[in-house]
Amino acid sequence: MAVRLTSWFVSQGISISGSNSNSRFSHSASRFSFASSPASSFSSCKLRHRNLSCTCVQKRPRVRKKSSLGQSSADFQSNGEDESESEAASVPVLNSESVSDDDVQIISSNDSIPTALTTSAPSDLVAMIRNAENNIHLLNQARVSALQDLDKILSEKEGLQGEMNDLEMKLAETDARLRVAAQEKVKMELLGDHLNQMRNEQNFNGGGGGDVERSNGVEVFESESDLFNQEGSLPYKSNINTLVANLSSLRLENVSLRNDIQELREELNSVKNTDERVVMLEKQRSALDSSLKELESKLLVSQEDVSKLSNLKVECKGLWEKVENLQVLLDKSTKQADQAIIVLQQNQEIQEKVNKLEESLEQANVYKESSEKMQHYNELMQQKIKLMEDRLQRSDEEIHAYVKLYQESVEEFQDTLNTLKEESKKRAMDEPVDDMPWEFWSRLLLVIDGWLLERKILVDDAMALRDMVWKRDRRIHDSYMACKEKNVNEAVTTFLRLISSQTSSGLHVVHIAAEMAPIAKVGGLGDVVAGLSKALQKKGHLVEIILPKYDCMEYDRVRDLRALDVAVESYFDGRLYKNKIWVGTVEGLPVYFIEPLHPDKLFWRGQFYGERDDFKRFSFFSRAALELLFQAGKKPDIIHCHDWQTAFVAPLYWDLYAPKGLNSARICFTCHNFEYQGTAPASDLASCGLDVAQLNRPDRMQDNSAHDRINPVKGAVVFSNIVTTVSPTYAQEVRTAEGGRGLHSTLNFHAKKFIGILNGIDADAWNPATDGYLKVQYSANDLEGKAENKEALRKSLGLSSADVRRPLVGCITRLVPQKGVHLIRHAIYRTLELGGQFVLLGSSPVHHIQKEFEAIANHFENHDHIRLILKYDETISHSIFAASDMFIVPSIFEPCGLTQMIAMRYGSIPMARKTGGLNDSVFDVDDDTIPLQFRNGYSFLSPDEQELNGALERAFRHYLSNPESWRQLVQKDMNIDFSWDTSAAQYEELYSKLVARARSKVCP
């Protein structure tokens, strides 16, 4: 499993935390700080695998890991209000003017980090990472400064907004006064009109030269100046003066307001410029965020490369140990040689002394006759010379021994080195290539089969090449890699040179089925075909699958899909039809897809099953599949067919193809549900070439309840070498009149070859420690993540989270009578009465059942503790398994059932009825007849409400009254192995026995 980014920061002494700031725009300003003081403390935490989420929107998953590191911790903290002004002043603002070319060069240099990681030394790698950390620190400092400028601008904007509000109020008052002035102006115009009218009347009545005349008691003036200069008191004179003064005042105020409005416009323009600066700062902040995310992604890639470096270091360490051992041996031999050289030098010195003594002896001989003393001296000298000679001889012997030992050591060293080289070379050639995925070998098998079908190689050559692929031989791997750039003919020539006579120890198994997960899945059949095939492949067997080429398959899940340049003809309805053969790999498995070129478009219907001519469609496919094996020259050991859709394979194989030479295989038939048997009128069987008269007999394919109909499942039971079903208990149930659906007598007659094997689950797809659908990953040793997933599901579905200890019951199923829908409905209300919460995920193909549960869903639509989701959703299903404390499976009958196994894998305690596979996988915690280590859930026998109530109440009482015991039960369930390994081992044993019996007999 790849180590997450947060795990790497912990390993480097860096911890990450996030908090949301309280600014009006809820921007979170973050900063990396790297403590350098070795005295700073390191806070240990517990690490769980979880999904990374954005700290600005969601709560960041807590990451904890027990650590004994002695280095200091670094905090990833938000820019809070308590940060001092001096720190804020020292933070540089990152904009287009302040970023230098050096800074840009430093930031861009991080693009080369992934490449350097794979080639540089660990010290260079650490330097690169520190350089990236510095760049992140600079980016965050610029981000902090930009946010501070943004806050200042916002405060200035608020002040300007207040001034604008005041000016708007003044403008409104001015508008009101202008309206009053306008009204007064109108009155003045009316008075002027009236004055002119009076003057006209005076002139008309023969006015004279007097200044003032009276006519009918009305005073008339010649001009306005007379009117205003008249000293007499007129009733309207004072009002006119007042209006004139007010009008002048209003004109002055109007001029002042125009000036204010002009200033206001200038300030508004300034505010617009400020808004543009805010937008510019926001863009800079977005750019900084994207740069930070890019650096984090590069650090994640760096960590993956570091993990690869660690693996290489381990391998290098082993090689260095061997070299050091050889070096020690060489040093030892060198020391021995040095000692021998020292002794030789000593002997040379002794030899020189001997020579000197001999010279002295010669001189002594001259004087020998003159003195007895000299004679005596000579005798002593002779003795010494003899001793010296003896010592020299012994020294020579020791030198020769050291030299010989040195030579032997050198030879031993050389032999050891040669042996290591030979072993390494032999190991490289003989050992299988384990570093290539199964998808590679499956693709290679499909290439070889394509050459065979296209008549480019012979059958024997194809078998030999398949054996090499089967054993993952390095020679064929190297040849394939070398032939990638060559044409087909050159590649075929290269492969033919590799053919050897070695035989494979594994089995060749071919599955012929109507489903395979994940590309064509309706129910459990698809899971079994995929899961069993992968498990057998891991055990070293050659496994191939043959499927119809549906138009509604998930083609994006098929790798290297291509059509072969060959058409396989198969018989149907009295003539030969061509079939287009496609090949591809699905999750590492080689798969053949048959596309019938039939005018009825047999598998281009938009759905897998449910057509009126399903009997015709799948009988055609069964014969075409056998024809493909025959024309491809394959010699499988086992042909494994599934359910009624491919049950035709068994009689077709023995009646038509074994006599033609396709007789190496033995037939294994698995019925996943005896409720579906595919019966049809007997005459329909003739379309695929079978003899109706011979097969429509009680001891062969004739249906037990209608003599004019044939039963494909019965035919497969009769003609197969071994018959299996999906659990031991279900195998016993179908041998009764109630459970056998009319086939109980046939199954009892063939009981010796009928066995039940419990299915497994895909332990890789259903693993809470690596499940990408979960908010937080967890394991049996770390159950805190399960509580967090429970809280996340409650929030997403709108359920109450007030009581953390309130138990949550989950149910994921198809709402059909087989699944006990009346008990599911009762469990919803009973869970609510017991104080729990209930979540249902599933839908029903039965109209009245779907409507009934839709009414229940509407009733509890806004309820705090009940939620019904009447559809299937893969993401929600993983969340329910992880969040639920208990899981209910109240089936009326259940051939195997996978939900109870998945629930236990995710720590959800099952409550299941004792039937079929449920009885073989769920054992009651209160049943004293079962060993304690196997008790893993709650079970009930009768399919009624009272029995279900008992299981629910016992589970609730255990959960609420004894939390520690419940936790131990959860951990035990999560550690149970429900993978395909055990089931595949049982199938492997059955296959081996079939093949052994077949090889010991002459005929089938």
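Residues numbered from 1 in each chain as written. Predicted model: local features only at pLDDT ≥ 70, side-chain atom pairs only at ≥ 80, totals over all residues. Heavy atoms only, no water.

This part covers the overall build of the protein. Along its length, the protein carries 28 helices and 21 strands. Of all 1004 residues assigned to the protein, the portion counted as buried reaches 43%. In the form shown here, the protein has an accessible surface area of approximately 52400 Å², with 51% of it arising from carbon and sulfur atoms. (Helix = DSSP H or I, 4+ residues; strand = E, 2+ residues; numbered from the N terminus. Buried < 20%, exposed > 50% of the residue type's maximum accessible area, 1.4 Å probe, protein only. Areas by Shrake-Rupley, 256 points an atom, 1.4 Å probe, with all protein chains shown as cover.)

Let's shift gears to the environment of Asp 289. Of note, Asp 289 is situated in helix 7 (residues 237-366). Each C-alpha atom of the pair Asp 289 and Asn 140 lies 8.8 Å from the other, and the pair is 149 residues apart in sequence.

A few words on the pairing of strand 14 (residues 722-725). Side-chain alternation along strand 14 places Ile 722 and Thr 724 on one buried face and Val 723 and Thr 725 on a second face that is also buried. In the sheet, strand 11 (residues 666-671) pairs with strand 14 via 4 bridges, with the strands oriented parallel. Residue Phe 669 lies in a different strand from strand 14, and its bridge partner there is Val 723. Two strands pair when backbone bridges link them, and strand 14 and strand 15 (residues 754-756) are joined in this way by 3 bridges, in the parallel orientation. Within the sheet, the bridge partner assigned to Thr 725 lies in strand 15 and is Gly 756. (Pairing = 2+ DSSP bridges.)

Here we come to the packing of aromatic side chains. For the structure on display, the rule yields 23 aromatic pairs. The interplanar angle of 20° and the centroid separation of 5.0 Å between the aromatic rings of Phe 881 and Phe 887 together place this pair among those described as stacked. Relative to Tyr 991, the ring of Tyr 987 has its centre 6.2 Å away and its plane inclined at 45°; by these criteria the two rings are tilted. With a gap of 4 residues between them, Tyr 987 and Tyr 991 both fall in helix 28 (residues 980-999), about one helical turn apart. By relative accessible area, which is 1% here, Tyr 987 ends up buried. Taking relative accessible area as the criterion, Tyr 991 reaches 1% and is therefore assigned buried. The rings of Tyr 550, Phe 603, Phe 608, Tyr 609, Phe 618, Phe 621 and Trp 644 are connected pair by pair, giving a single aromatic cluster. (Phe/Tyr/Trp six-rings, centres within 6.5 Å; stacked < 30°, edge-to-face > 60°.)

This part covers the side chain of Arg 623. Relative to the assigned elements, Arg 623 resides in helix 14 (residues 614-631). Put simply, Arg 623 is tucked away with no salt bridge, and the nearest opposite charge, on Glu 627, sits 4.7 Å away. If we ignore the near neighbours within four places in the chain, the residues touching Arg 623 are Tyr 571, Leu 652, Leu 656, Tyr 657, Lys 660, Cys 688 and Gly 689. (Lys, Arg positive; Asp, Glu negative; His and termini not counted. Salt bridge = Lys/Arg side-chain N within 4 Å of Asp/Glu carboxyl O. Contact = heavy atoms within 4.5 Å.)

Within the open sheet, the 6 strands sit side by side as 18-17-16-19-20-21. Their pairing is parallel. A single partner strand is all that each edge strand has here, and the edge strands are strand 18 (866-869) and strand 21 (938-940). Ignoring strand direction, the axes of neighbouring strands in this sheet form an average angle of 15°. Here strand 17 (residues 837-841) pairs with strand 18 via 4 bridges, running parallel. Residue pairing for strand 18: Phe 838 is matched across the bridge by Ile 866. Sitting on the sheet, helix 23 (residues 874-883) is in contact with strand 16 (808-812), strand 17, strand 18 and strand 19 (886-889), with an inclination near 145° to strand 16. Along the sheet face, helix 27 (residues 963-974) touches strand 19, strand 20 (909-913) and strand 21 and points at about 75° away from the line of strand 20. (Axes fitted to C-alpha atoms, helices over the stretch in contact; angles between N-to-C directions.)

Read across the open sheet, the 9 strands follow the order 7-8-9-6-5-10-11-14-15; overall the sheet is mixed. Looking at strand neighbours, the two that pair on one side only are strand 7 (559-572) and strand 15, the edges of this open sheet. Between one strand axis and the next, the sheet turns by 25° as a mean value, whatever way the strands run. Pairing geometry for strand 6 (residues 542-548) and strand 9 (residues 589-596), over 4 bridges, is parallel. When the sheet's bridge partners are listed, Leu 547 is paired in strand 9 with Phe 593. Of the strands in this sheet, strand 5 (508-512), strand 10 (638-642) and strand 11 are in contact with helix 15 (residues 649-657), which crosses strand 11 at around 165°.

Bringing helix 15 into the picture now. Most of helix 15 sits inside the fold, with 7 of its 9 residues counted as buried. Every buried residue of helix 15 is accounted for by Val 649, Ala 650, Pro 651, Leu 652, Tyr 653, Trp 654 and Tyr 657.

What follows deals with the pattern of salt bridges. Under the criterion given, the structure shown has 25 salt bridges. For Lys 819, the salt bridge goes to Glu 894, with nearest N and O atoms at 2.9 Å. With Lys 819 in the loop between strand 16 and helix 21 (821-833) and Glu 894 in the loop between strand 19 and helix 24 (899-905), this pair connects stretches of sequence that are 75 residues apart. Overlapping salt bridges bring together Asp 449, Arg 466, Glu 544 and Lys 634 as one network.

In a pair of packed helices, the angle between the axes and the distance between the axes together describe the arrangement. Helix 27 packs onto helix 26 (residues 945-961) with a crossing angle of 115° between their chain directions and a minimal axis gap of 5 Å. Looking at the two axes, helix 26 sits roughly perpendicular to helix 27. Residues Ala 955, His 958, Tyr 959, Leu 960 and Ser 961 of helix 26 form the contact with helix 27, whose participating residues are Pro 963, Ser 965, Trp 966 and Leu 969. (Parallel < 35°, antiparallel > 145°, perpendicular 65-115°, else oblique.)

A contiguous patch of negative charge on the surface is contributed by Glu 163, Asp 166, Glu 263, Glu 266 and Glu 267. Of all the secondary-structure elements, those providing two or more residues to the negative patch are helix 5 (122-204) and helix 7. When residues in the negative patch are grouped by element, the largest group, 3 residues, is from helix 7. Inspection of the secondary structure puts Glu 266 in helix 7. (Patch = residues over 30% accessible without salt bridge, like charges linked within 9 Å, V, L, I, M, F, W, Y side chains within 5 Å. Charge placed at Lys NZ, Arg CZ, Asp CG, Glu CD.)

What follows is about the side chain of Asn 759. Within the secondary structure, Asn 759 is located in the loop between strand 15 and helix 20 (784-797). Under the relative-accessibility criterion, Asn 759 is labelled buried at 8%. Excluding anything up to four places from it in sequence, Asn 759 contacts Val 528, Val 726, Cys 896, Leu 898, Met 901, Trp 980 and Ser 983.

A few words on the environment of Val 410. Within the fold, Val 410 resides in helix 8 (residues 372-430). What makes Val 410 partly exposed here is its relative accessible area of 36%. Val 410 sits 76 residues away from Thr 334 along the chain, and the two C-alpha atoms are 9.4 Å apart.

Further remarks concern unusual backbone geometry. For residues that are not glycine, phi is negative in most cases, and the peptide bond is trans in most cases. Of note, the amide linkage connecting Ala 517 to Pro 518 takes the cis form, showing an omega dihedral of 5°. Relative to the helices and strands, Pro 518 resides in the loop between strand 5 and helix 13 (524-538). The residue Glu 587 is not glycine, and still its phi comes out positive at about 50°. Within the secondary structure layout, Glu 587 lies in the loop between strand 8 (575-586) and strand 9.

We now examine the packing of helix 15 against helix 17 (residues 712-719). Running from amino to carboxyl end, helix 15 crosses helix 17 at an angle of 50°, the nearest separation of the two axes being 7 Å. In terms of their interaxial angle, helix 15 and helix 17 are classed as oblique. Contact residues: helix 15 offers Ala 650, Pro 651, Trp 654 and Asp 655, while helix 17 offers Gly 715, Ala 716 and Phe 719. A breakdown of the residues in the contact of helix 15 with helix 17 according to their chemical character gives 5 nonpolar, 1 polar and 1 charged. (Nonpolar A, V, L, I, M, F, W, Y, C, P; charged D, E, K, R; others polar.)

Looking now at the pairing of strand 6. Judged by how many residues are buried, strand 6 sits mostly within the fold: 7 of 7 residues are covered. Residues Leu 542, Glu 544, Ile 546 and Pro 548 line one face of strand 6 and the alternating positions Val 543, Ile 545 and Leu 547 line the opposite face, and both faces are buried. In this structure, strand 5 lies alongside strand 6, joined through 5 bridges in parallel fashion. Residue pairing across strands places Ile 512 opposite Ile 546, the latter belonging to strand 6.

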